[in-house]
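So the chains spell out like this:
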Amino acid sequence: NDEESEHQIEDLDQFDYFNAAETRDVAKKYARSIGIFLINFSELEHILNLAIAEILGNGRSHDIGYVVIERLSTQNKIELFHKTYTRLAGSLQKSKNKVDTVAKKLKELNKFRNSLMHANWLSVDTSGFVRTKLIVGSDDGYVRFRKTKITPSMIARETKAIKSLVLEIPDLYEKFLGS
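Residues numbered from 1 in each chain as written. Predicted model: local features only at pLDDT ≥ 70, side-chain atom pairs only at ≥ 80, totals over all residues. Heavy atoms only, no water.

1. Overview of empty space enclosed by the protein
What the rule picks out here adds up to one cavity of 30 Å³ or more. For the lining of the largest cavity, the elements supplying multiple residues, two or more each, are α2 (23-56), α4 (74-89) and α5 (93-118). Among the elements that make up the lining of the largest cavity, the one with the highest residue count is α2 (four residues). Class assignment of the residues belonging to the lining of the largest cavity gives a composition of five nonpolar, two polar and one charged. (1 Å grid on protein atoms, 1.4 Å probe; cavity = no way out; pocket = protein on both sides within 12 Å on 5 of 7 lines; lining within 4 Å. Points joined across faces, edges and corners; volume = space filled by probe spheres on them. Helix = DSSP H or I, 4+ residues; strand = E, 2+ residues; numbered from the N terminus. Nonpolar A, V, L, I, M, F, W, Y, C, P; charged D, E, K, R; others polar.)

The following block contains the structure:
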């Protein structure tokens, strides 16, 4: 991903008025792909929960794993998954590399999901840039907005990445529980 083309920073003028996109047009263009992405991400998060519960329960039950993850954010679950599975990989570099790759993809997808969920969809422009974060400079106090490029085709690409991980993660815990 080219950071320059994926993000822009927009300064706040005195008032936060902008030419709002027509809600109906935004919904027509984005609703289906966002909905499909979110349903697939929900499945991915369930698979991540199972991967943690399988290992923490040593393949016997999920209750200990669910007790541990009950209040964890998705980001914290990803970290727990990464550290636990890296430990299980031991000295097998190929397995560690696989765990690192899966954890990296999970982090990227979670970041994308957060941008998608917290976007101000009324601010989307014709190029697909949408406000995803409010930033107040700690050094100058200026208010800025991070705009992230999100298009239906980008959402479809990320949905495809989710579907791949949904298959990869169970292979990991089956491998580690079997050894």
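Next comes the rest of the account.
2. Some remarks on the packing of α4 against helix α6 (residues 152-178)
Two elements in contact, α4 and α6, have axes separated by 11 Å at closest approach and are oriented at 40°. Judged by the inter-axis angle, α4 sits oblique to α6. Helix-helix and strand crossings are classified by hand; for α4 and α6 the assignment is left-handed. Across the interface between the two elements, F81, Y85, L88 and A89 from α4 touch I169, L172, Y173 and F176 from α6. In terms of residue class, the contact of α4 with α6 is built from eight nonpolar, no polar and no charged. (Axes fitted to C-alpha atoms, helices over the stretch in contact; angles between N-to-C directions. Parallel < 35°, antiparallel > 145°, perpendicular 65-115°, else oblique. Left-handed = near helix turned anticlockwise from the far one by under 90°. Contact = heavy atoms within 4.5 Å.)

3. Things to note about the pairing of strand β2 (residues 129-136)
Each regular strand displays side chains that alternate between the two surfaces of the sheet. Pairing of β2 with strand β3 (residues 143-149), which is carried by seven bridges, proceeds in the antiparallel orientation. Residue pairing across strands places V130 opposite T148, the latter belonging to β3. In sequence, β2 turns back onto β3 through a hairpin of six residues, with G141 there showing a positive phi of about 75°. (Pairing = 2+ DSSP bridges.)

4. Focus on α4
In this model α4 runs 22 Å from its N-terminal to its C-terminal C-alpha over 16 residues, within 8% of the 22 Å that 1.5 Å per residue would give. Residues T74, K77, I78, F81, H82, T84, Y85 and A89 constitute the buried set of α4. Turning to α4, the residues buried within the fold contact α2, α3 (63-69), α5 and α6. One or two steps after α4, the chain reaches G90, where phi turns positive at roughly 55°. (Expected span 1.5 Å × (residues − 1). Buried < 20%, exposed > 50% of the residue type's maximum accessible area, 1.4 Å probe, protein only.)

5. Here we look at the sheet that holds β2
In space, the three strands of this open sheet follow the order β1-β3-β2, with antiparallel pairing throughout. Where the open sheet ends on each side, the last strands, each with one partner, are β1 (7-11) and β2. Neighbour-to-neighbour, the strand axes of this sheet turn through a mean angle of 30°, independent of strand direction. Pairing of β1 with β3, which is carried by five bridges, proceeds in the antiparallel orientation. Within β3, the residue paired with H7 across the bridge is T148.

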